[in-house]
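The chain contents come next:
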Amino acid sequence: QVQVVESGGGLVQAGGSLRLSCAASGRIFGSYDMAWYRQAPGKQRELVAIITSGERTDYADSVKGRFTISRDNAKNAAILLMSSLKLEDTAVYYCNCVIRVNIEGSTRSFWGQGTQVTVSS
């Protein structure tokens, strides 16, 4: 099986920075898209940033210029650097990984358990 574990959330003042990490482990034959989503109370889960296996990136308009996503393929890991944090960035952040799960090339999507990011004034 495959597990995805996030870390790095916490409480930060507005204008501050945080670094989120996620790593996939288990029976992995390769990783494809890796992405960060977030869900604020009472709102739907939304895509924050995504990075492809070719390291093409895309961001939600609300975080462009403030957040940076990167990956370490050797570790099946994704990093989200968040700066100039705003109150509205407060949410549970989830990592999603598309993983190749067998030698035939089948892929599955896996979610982490989420990590809380709280931005205070």
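Residues numbered from 1 in each chain as written. Predicted model: local features only at pLDDT ≥ 70, side-chain atom pairs only at ≥ 80, totals over all residues. Heavy atoms only, no water.

Draft legend 1. Inspection of the packing of aromatic side chains at higher detail. Taken as a whole and assessed by the stated rule, the structure comprises 1 aromatic pair. Above the ring of Y94, the side-chain terminus of R45 is found at 3.7 Å from the ring centroid. Cation over ring: R45 sits above W111, and NZ or CZ is 4.7 Å from the ring centre. (Phe/Tyr/Trp six-rings, centres within 6.5 Å; stacked < 30°, edge-to-face > 60°. Lys NZ or Arg CZ within 6 Å of the ring centre and 35° of its normal.)

Draft legend 2. Summary view of the pairing of strand β8 (residues 77-82). Here β8 lies mainly inside the structure; 5 of its 6 residues are buried. The pairing of strand β3 (residues 18-26) with β8 spans 6 bridges and is antiparallel. Note that in β8 the partner of R19 across the bridge is L81. Between the antiparallel neighbours strand β7 (residues 67-72) and β8 lie 4 residues, among them N76 with a positive phi of about 50 degrees. (Buried < 20%, exposed > 50% of the residue type's maximum accessible area, 1.4 Å probe, protein only. Helix = DSSP H or I, 4+ residues; strand = E, 2+ residues; numbered from the N terminus. Pairing = 2+ DSSP bridges.)

Draft legend 3. How the structure looks around the nonpolar core. Counting residues in hydrophobic clusters, the biggest one holds 30 residues, and the most contacted among them are W36, L80, M82 and Y93. Contributions of two or more residues to this core are made by β1 (2-7), β3, β4 (30-39), β5 (46-51), β7, β8, β9 (91-100) and β11 (115-120). It is β9 that provides the largest number of residues to this core, a total of 5 residues. Not counting residues within four places of it along the chain, the set of residues in contact with L80 comprises L18, R19, L20, W36, V48, A49, F67, T68, I69 and Y93. (Core = buried A, V, L, I, M, F, W, Y, C linked by side-chain atoms within 4.5 Å. Contact = heavy atoms within 4.5 Å.)

Draft legend 4. Layout of the state of the cysteines. Considering all chains together, one arrives at 1 disulfide under this definition. The disulfide that involves C22 links it to C95, with 2.0 Å between the sulfurs. Of this pair, C22 sits in strand β3 while C95 sits in strand β9, and the two are 73 residues apart along the sequence. The class of C95 is buried, set by a relative accessible area of 0%. (Disulfide = S-S within 2.5 Å.)

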